[in-house]
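# Inside the fold
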Amino acid sequence: MTMSTLFNGAIAIAVVVFVIIRRMNWHELTKRGEDVWVGPAVIAVIGLFQLRNKLGADYHIPPVDLTFLVLGLLLAAGAGVGLGRASEVRLQEGRIFTRMRGPAIGVWLGFIGLRVLLGFLGHAMGATLTSGGGAIMLTLGVSLLVQSLVLATRVGHPVRH
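Keep in mind it's a predicted model, so treat the numbers as computed, not measured.

With that settled, consider the confidence of the model for the chain. The predicted model of the chain has a mean per-residue pLDDT of 83, with 89% of residues at 70 or higher. Helix α3 (residues 63–86) holds the highest mean pLDDT among the elements of the chain, 94, whereas helix α1 (residues 3–23) holds the lowest, 75.

Below you can see the structure in the form of structure tokens.
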């Protein structure tokens, strides 16, 4: 494991902790909310760029890496659905607010545990992309975007700007 991989992993863990703490507090669900849409999209794009940089100029993804990336994305989407369903939602003065509590924290812990297991399994099977920071950031961004989509459908598509 290189210093770059350790650094990327540490950054990914710091982002996960930051996001969990932020989403445990009430925040407004808006169309352009930084925490709700922009932040998760930026995290996913950073993950894609990190993966691209790790692949190099030929952009060839071996089948084992592709398999584990797809499994990670499916896991992330499932976690996002669980997070969206388990989060609290309230209407206050015509504005929609949401936060994560007990069950959503359980979903996060399960997601993190399964994601770590997937990383170790992928590494053991020769996948080089699945345990790096890029794959972690991509799956984190996808899970948060799916969570936001589920919350938006639960509350009837918020339109506040």
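Considering soluble globular proteins, one finds that nonpolar side chains tend to be buried as a cluster. Grouped together as the largest cluster of nonpolar side chains are 18 residues, with contacts concentrated most on Ile43, Trp108 and Leu140. Taken together, the elements giving at least two residues each to this core come down to α1, α3, α4 (102–124) and α5 (133–154). Not counting residues within four places of it along the chain, the set of residues in contact with Trp108 comprises Val16, Val19, Ile20, Leu83, Met100, Leu140, Ser143 and Leu144. Listed in part, the seven residues of the second largest apolar core include Ala44, Leu55, Leu129 and Leu138.

Let us now look at the pairing of strand β3 (residues 95–99). The buried fraction of β3 is high, at four of five residues. Examined bridge by bridge, strand β1 (residues 27–28) and β3 share two bridges and lie antiparallel to one another. Each bridged residue has a counterpart across the sheet, and for Glu28 the counterpart in β3 is Phe97. Looking at chain direction, strand β2 (residues 88–92) and β3 are connected through five bridges and run antiparallel. Its bridge partner lying in β3, Val89 is registered against Thr98. If you look at the hairpin formed by β2 and β3, you'll find two residues sitting between the two strands, and Glu93 has a positive phi there, around 55°.

Pairing is antiparallel in the open sheet, where three strands are placed in the order β1-β3-β2. Each of the sheet's edge strands pairs with one partner strand only, and the pair in question is β1 and β2.

A word on the packing of α3 against α5. Here α3 crosses α5 at 35°, and the two axes come no closer than 7 Å. The two elements α3 and α5 cross, and the hand of that crossing is right-handed. Together, Leu69, Gly72, Leu73, Ala76, Ala77, Gly80, Val81, Leu83, Gly84 and Arg85 of α3 and Ala135, Leu138, Thr139, Val142, Ser143, Val146, Gln147, Val150, Leu151 and Arg154 of α5 make up the contact between the two elements.

Our focus in this paragraph is a nonpolar patch on the surface. A cluster of nonpolar side chains, contributed by Ile61, Leu66, Val70, Leu71 and Leu74, occupies part of the molecular surface with about 410 Å² of accessible area. Here Leu74 is to be found in helix α3.

What counts and how
- Residues numbered from 1 in each chain as written.
- Predicted model: local features only at pLDDT ≥ 70, side-chain atom pairs only at ≥ 80, totals over all residues.
- Heavy atoms only, no water.
- pLDDT = per-residue confidence, 0-100.
- Helix = DSSP H or I, 4+ residues; strand = E, 2+ residues; numbered from the N terminus.
- Core = buried A, V, L, I, M, F, W, Y, C linked by side-chain atoms within 4.5 Å.
- Buried < 20%, exposed > 50% of the residue type's maximum accessible area, 1.4 Å probe, protein only.
- Contact = heavy atoms within 4.5 Å.
- Pairing = 2+ DSSP bridges.
- Axes fitted to C-alpha atoms, helices over the stretch in contact; angles between N-to-C directions.
- Left-handed = near helix turned anticlockwise from the far one by under 90°.
- Patch = residues over 30% accessible without salt bridge, like charges linked within 9 Å, V, L, I, M, F, W, Y side chains within 5 Å.
- Areas by Shrake-Rupley, 256 points an atom, 1.4 Å probe, with all protein chains shown as cover.
- Salt bridge = Lys/Arg side-chain N within 4 Å of Asp/Glu carboxyl O.

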